[in-house]
Amino acid sequence: MTKKLRIAFQGEPGANSHIAIAEAYPDAEPVPCPTFEDALAAITSGEADLGMIPIENSVAGRVADIHHLLPQSGLFIVGEYFLPIHHQLMAPRGARLGDIKTVESHVHALGQCRNIIRKLKIRPIVSGDTAGSARIVAERGDKSCASIASKLAADIYGLDILAEDVEDETHNTTRFVVLAREATWARQGSGPLVTSFVFRVRNLPAALYKAMGGFATNGVNMTKLESYMVDGNFFATQFYADVDGHPEDKGLAFALEELKFFSREFRIVGVYPGHPFRATFSEKAE
């Protein structure tokens, strides 16, 4: 009998990360974890085989915690998944829209559903995560209290959906990375690939400008570049980047060599297939 793949995620059953696992790995066993640190620890310890971790959202931007935790975790990116986010307004069975006085959810979900909150003139209450807010509302049983969460959460916790797809923006999409203990690089030439890496430039004038120059001169497309402080130091900035291609591709190999020359630290954290959703990134010529 084949052992089920166990995939850790942050949040409670019914979270968007849970949905991403169900869609990308339908035969896997989701492993809910209270915090991102707990999810990464579950992978490191072997309690989980993989992790499904959100890294950025098209409306809310980057998931700041992950940019700090991922480089220090020692884990590797082996895949990615893009999930369109649809928020539902839900309440205990028998509640009506006119009954609702408050709505609870994660701060990002509340921020992504401002229009309906304003329209219904209800008071937003920040909760730890979307699915957790649905569980709390269900346990409380107060028909004046609603939650913004997923359809899966409504099913799990027995809540009525009073309004469907209440997100303000139709393009609301979250990008997840799939994390593993071992680095497994996708095969060169196996299709569109993404290489993710972290680096810290040397303390020299224009070091970042010079480090980035190799990507332009070698025709490498950089799709993401994020900076963040290390250990609270204003002068020690680390960068996380995604580029198209495989490190052994000629152009990318040259670009990374130039980057390393101007960097004091450099580490590849993943070489993995680009998700088909990336095809929507291409800009139309004007």
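Structure first, text after, so check above.
In what follows, the accompanying structure is described. (Residues numbered from 1 in each chain as written. Predicted model: local features only at pLDDT ≥ 70, side-chain atom pairs only at ≥ 80, totals over all residues. Heavy atoms only, no water.)

### Things to note about the sheet that holds strand β7 (residues 102-105)
Argument step 1. Spatial strand order, β8-β7-β9-β6-β10: five strands in an open sheet with mixed pairing. The open sheet is flanked by β8 (123-126) and β10 (159-163), the only strands paired with a single partner. Sheet twist, expressed as the average angle between the axes of neighbouring strands with direction ignored, equals 35 degrees.
Argument step 2. With three bridges connecting them, β7 and strand β9 (residues 145-149) associate as parallel partners. Bridging from a neighbouring strand, E104 pairs with S147 of β9. (Pairing = 2+ DSSP bridges. Helix = DSSP H or I, 4+ residues; strand = E, 2+ residues; numbered from the N terminus. Axes fitted to C-alpha atoms, helices over the stretch in contact; angles between N-to-C directions.)

### Structural notes on the pairing of strand β2 (residues 29-33)
Argument step 1. In the sheet, strand β1 (residues 6-10) pairs with β2 via five bridges, with the strands oriented parallel. Within β2, the position partnered with F9 by the bridge is P32.
Argument step 2. Following the chain from β1 across helix α1 (residues 16-24) to the adjacent parallel β2, one finds a crossover that is right-handed. (Right-handed = clockwise from strand over helix to strand, strands pointing away.)

### Here's the deal with the pattern of salt bridges
Argument step 1. Tallied over the full model, the rule gives 15 salt bridges.
Argument step 2. R135 is the partner of E139 in a salt bridge, and the nearest nitrogen-oxygen pair spans 3.2 Å. With E139 and R135 both in helix α6 (residues 130-140), this residue pair falls four residues apart, about one helical turn.
Argument step 3. For R135, a relative accessible area of 27% corresponds to the partly exposed category. (Salt bridge = Lys/Arg side-chain N within 4 Å of Asp/Glu carboxyl O. Buried < 20%, exposed > 50% of the residue type's maximum accessible area, 1.4 Å probe, protein only.)

### Side note on the environment of F277
Argument step 1. Considering the arrangement of structural elements, one finds F277 in the segment after β15 (263-273).
Argument step 2. By relative accessible area, F277 is classed as partly exposed at 28%.
Argument step 3. It is 9.1 Å that separates the C-alpha atoms of F277 and L83, two residues lying 194 residues apart in sequence.
Argument step 4. Residues contacting F277, with those up to four places away along its chain left out, are F82 and T173. (Contact = heavy atoms within 4.5 Å.)

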